[in-house]
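Observations on chain architecture
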Amino acid sequence: MSAAAIDLSLVVPMFNEEDNLTALLADCLPALERVTARFEIVLVDDGSTDRTAEQARRAALADPRIRALSLRRRFGKGAALAAGLARARGARVVTIDADLQEDPAQIGLLLAALDEGLDLVSGWRRHRADPLSKRISSRLFNALLRLVTGLELRDVNCGFKAMTRDVAGDLNLLGGRFRFIPLLAHWWGYRVGEREISHRPRRRGVSRFGNERFPGVLIDLLTMLCLIRFHSRPGHLFVAAGAVSGIAGFGICAYLTALFIQFGNVQHRHPLLALGVLLLIIGVQLVATGFLGEWLAYERRGQEPGYRVRWETGREE
Ligand code: UDP
Ligand code: MG
């Protein structure tokens, strides 16, 4: 099958899902067949320690519509997704978790949203069948994201998503960024939305994500927000913060200098003196860091355009 002939790729990240793979394929194959005859399934084994990799290889050898790859070790869901998206050849790409908590029969529902003009659609697990602690932390996470980004999404980190080829190629998912896929797509100017989907408890195997992930997720969120706000000019954040600190420190020191000129001493304002000097030093350091950041970003701009084109005359497909 040539690359251009594929309408739809289904990408599945898997870590120790040996008990789910057979059922997953049994559900996905008919669901995909209903949408198009020209589909592929890309199974990505994320360094499983059970028989997942072997099973994936066997499935791929038995069915030409299935491709499989196995990462050398467990790199995390984000890396597994990135590996799968990089290999997906379809005009549209759907991602789904291997544990069948989402229903492959609803792939059509997500694709319909792409037909309506969206570039990326995320599942919304309205009645989420996960432990209460997870539902609460997810609610908080999504509320926080809505607050700071203004993007009206209720379930940013649902594993069941559909997107166009362009979006799939534009996501850089390393680290924890896979949790923010709709945000990344939105930031590149793609039309992003969500559709309600059904959700059920994990039937076999164990969940890999508990609440221990939370401190890391908050750091990822901060990094994401900085990236989004200051993407191609990272230094601005530091220069601005440094300027505030430096100016405050300078003001304090100027005031103390005036006191010294008037009275010959600083009138016992030594704590203030310490603060002023501290703010000045912090300010200079932040400004220097900022300019260094700008310098590095300037070098990088040659490699990454930093924008995406929706259309261009003379280059229509
Ligand atoms: N997964 C992965 N690498 C990891 C953790 C998870 O590829 O390090 C896969 C996992 O096999 C599943 C999907 O990511 O297909 C979602 O994981 P899980 O069901 O454990 O997450 P939850 O639904 O509990 O949030
Ligand atoms: Mg799951």
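Before going into details, it helps to say that this report is about the structure given with it. (Residues numbered from 1 in each chain as written. Chains lettered and ligands numbered in written order. Predicted model: local features only at pLDDT ≥ 70, side-chain atom pairs only at ≥ 80, totals over all residues. Heavy atoms only, no water.)

So, about the pairing of strand 5 (residues 120–125). Extensive coverage of strand 5 is indicated by the burial of six of its six residues. Residues Leu 120, Ser 122 and Trp 124 point to one face of strand 5 and Val 121, Gly 123 and Arg 125 to the other, with burial holding for every one of them. Two elements, strand 5 and strand 6 (residues 161–164), share three bridges in a ladder whose sense is antiparallel. Across the sheet, Val 121 pairs through a bridge with Ala 162, a residue of strand 6. (Buried < 20%, exposed > 50% of the residue type's maximum accessible area, 1.4 Å probe, protein only. Helix = DSSP H or I, 4+ residues; strand = E, 2+ residues; numbered from the N terminus. Pairing = 2+ DSSP bridges.)

Below, the discussion takes up the coordination of the magnesium ion (ligand 2). Note on the magnesium ion (ligand 2): its protein donors are Asp 99 (OD) and Gln 101 (OE1). The metal-donor distances range over 1.9 to 2.0 Å. We classify Asp 99 as buried; its relative accessible area is 4%. (Donors = N, O, S within 2.8 Å, 3.2 Å for Na, K, Ca; no water.)

On to the side chain of Glu 17, then. As for its placement among the helices and strands, Glu 17 is situated in the loop between strand 1 (8–14) and helix 1 (21–35). A relative accessible area of 6% means that Glu 17 is categorised as buried. Here Glu 17 is in contact with Asp 50, Thr 52, Ala 98, Asp 99, Arg 202 and Arg 208, once residues within four sequence places are set aside. (Contact = heavy atoms within 4.5 Å.)

In the vicinity of ligand 1, 17 residues are found, and the nearest of them are Glu 17, Asp 99, Lys 134, Ser 207 and Arg 208. Separating an oxygen atom of ligand 1 from a side-chain N or O atom of Glu 17 is a distance of 2.5 Å. Asp 99 places a polar side-chain atom, nitrogen or oxygen, 2.6 Å from an oxygen atom of ligand 1. Starting from 530 Å² of accessible surface for ligand 1 in isolation, the protein chains cover 96%. (Near = heavy atom within 4 Å. Polar contact = N/O pair within 3.5 Å; in protein donor to acceptor, adjacent residues only side chain to side chain. Areas by Shrake-Rupley, 256 points an atom, 1.4 Å probe, with all protein chains shown as cover.)

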